[in-house]
Amino acid sequence: MKAVLVNIYPRETVARNLLSCYVLKAYLDKYWEVNNLDVEVLNFSEKIQIEELSKKLIERKADLIGYSGYIWNIEKILGVIKIIKGKKEGIIHVLGGPEISTQRILSMPRSLSADFYIVGEGEKKLLNLINYIHSRKKGSNIELPRGVAYWEKDNLKYCEEGCADNIEDLDEIPSVYISKTIDDNLYERQQVFLETQRGCKYKCKYCVYHKFLSSIKYYSKERVMQELDRLIIDKQVAALRITDAIFTSDLERTKEIVKHLLELKQKGGVRLPWIYWEFDYNSVDEEFIRLTASLKYREKILNTNELLPLDRAQLYSDMLKDYTVINSIGIESFCERALRAVGRRRIDLKKFDIFMKTVNAYNIVVKMDLILGLPFETLESYFEGLELILPYFRNTDHVLNIHLLQVLPGSELEELSGEYKIKYSQRAPHTVFSTNSLTEEDINLALKLSAVLSRVVNSPLRSLFFEAWKSSGKNLTAMIERIYGEICASQKFDTTPLVQTKILYDSYWNDLIYQDIPSEFIDNLLKSYC
């Protein structure tokens, strides 16, 4: 049997692959006991046209095609399945990944349906499914594996029965790097992904990650350190994204990993890559922050004040140079009622203040994540939250990262969308149009003002912005509205998405807005306010 596993990576990523299909291949290669399974992984950009991708997959002459479904590629995958089924019979299509839940399967048009769906962790379930397909062809009458769904006429057949087919000991999964499952040329001296644990202690209602993981499970420290050695010493990767939901969920374990990174830094000829990890502001202590600061390559960094503003995004290329680590902190909102509605704890302002002051004292950089469009959030509370955060950004290189809420299929928020009067796109990326507290006009205005704020703050114009803000005597909303008004009043920007488009996404204000609204224009504008 020939199986092709398909990765479709997002268009804005630096990496040209996803980890998921390689992990599945590594598991199948190790545990499939019959010598007739050939597993190939193919990587494609989200930019590829459906017709071209369908043609390339048909050319592989596979018996089974497996797709890893994410919010950025699920619509394309469904289109590909429809085309291939219309042109080539006999191919078995298997769809899994974070986008797949029983609710999501039920919402899909039957004309686009796969033959099988894997719900939750996929390694053992895919192995069992292939064994099921193989055995059925030989006449065996074995039952469908748990965690796998399929349509029988108009009925969705699915048996979960707990998580017996999830993996308890993560070291059971071969390392894609140590086993050489993933080709060196896909990550050597490039960006790489690394998972050190699975699961999350939070049960946020807008997320589906925790639905199939009842607890946090960890790869052994020895394995993680072995992988770090291979990636950093042997392959000299340029960037390392740790994909854990909360890297510091076991703080003492995390500190040992950070200490190992420090040991690597001290080795001759070793340069640490840019490292990205996520944690909660109240899940760390001063020792962790101090250890993180020790990974930097300069004692005191303030790139924002040293760079010339350019008409391109400078965050990762220039503003974060020599920090080594980007610490991503999910604040989401400061509106207590909004946080409670989505299952998150309120922000303890005293602890948050201590955390940010400690971070700034040790000169490490954080990427502060906020969500626009939560139920009960208003325009006023949204900008009050921003006004609370921004003073901590002064004389730092911190990153402001704002996302528009997405109502993911299978999430608890999807079930509550009617109660919270949330209107959102039924097609990926499932972004919110309005809520019980934000009209469509409110959200559209907030998106445009957020785009302007990100353009100014996430650039070397930051210090000038703070000067102008202080001189204006205005609150944040009024200050950003003033800048936005000046942009709209200038005819040279009439055709830009910032002025013309209703719905903007963070992909715009993280990239194209830097070309659309030149630094010289904003620089002159801010100086006139001082």
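Residues numbered from 1 in each chain as written. Predicted model: local features only at pLDDT ≥ 70, side-chain atom pairs only at ≥ 80, totals over all residues. Heavy atoms only, no water.

What follows concerns the overall build of the protein chain. When you go through the protein chain residue by residue, the secondary structure sums to 19 helices and 17 strands. What you see for the protein chain is a C-alpha radius of gyration of 24 Å, in line with the 24 Å of a compact globule of 530 residues. By principal-axis analysis of the C-alpha atoms, the protein chain measures approximately 80 × 55 × 40 Å. Buried positions account for 57% of the 530 residues belonging to the protein chain. Relative to all contacts within the protein chain whose residues are 6 or more apart in sequence, the contacts with residues 24 or more apart total 73%. Separation between the mean location of the 72 positive side-chain charges and that of the 75 negative ones in the protein chain comes to 2 Å. (Helix = DSSP H or I, 4+ residues; strand = E, 2+ residues; numbered from the N terminus. Rg over C-alpha atoms; globule rule 2.2 N^0.38 Å. Buried < 20%, exposed > 50% of the residue type's maximum accessible area, 1.4 Å probe, protein only. Contact = heavy atoms within 4.5 Å. Lys, Arg positive; Asp, Glu negative; His and termini not counted. Charge placed at Lys NZ, Arg CZ, Asp CG, Glu CD.)

On to the pattern of salt bridges. In the structure shown here, the tally under the stated rule is 30 salt bridges. The closest approach of N and O atoms between K25 and D29, which form a salt bridge, is 3.0 Å. Taken together, the residues span about one helical turn, with K25 and D29 both in helix α1 (residues 20-31) at a distance of four residues. Classification of K25 by relative accessible area gives buried; the value is 15%. Note that D369 and K367 form a salt bridge whose closest N and O atoms lie 2.9 Å from each other. (Salt bridge = Lys/Arg side-chain N within 4 Å of Asp/Glu carboxyl O.)

Another aspect to go through is helix α2 (residues 50-59). Buried within α2 are the following residues: L53, S54 and L57. Considered in projection along α2, the buried side chains sweep an arc of 100° and stay on one side of the axis. Relative to its buried face, α2 has exposed residues pointing more than 90 degrees away, namely E51, K55 and E59. Backbone geometry just after α2 places K61 at a positive phi near 55°. (Arc of directions from axis to C-beta.)

Next up on the list: the packing of helix α15 (residues 462-472) against helix α16 (residues 476-489). With their axes 10 Å apart at the nearest point, α15 and α16 run at an angle of 115° to one another. Judged on the interaxial angle alone, α16 and α15 are roughly perpendicular. Crossing of α15 against α16: the hand is right-handed. Seen from α15, the contacting residues are F465, A468, W469 and S472; seen from α16, they are L476, M479, I480, R482 and I483. (Axes fitted to C-alpha atoms, helices over the stretch in contact; angles between N-to-C directions. Parallel < 35°, antiparallel > 145°, perpendicular 65-115°, else oblique. Left-handed = near helix turned anticlockwise from the far one by under 90°.)

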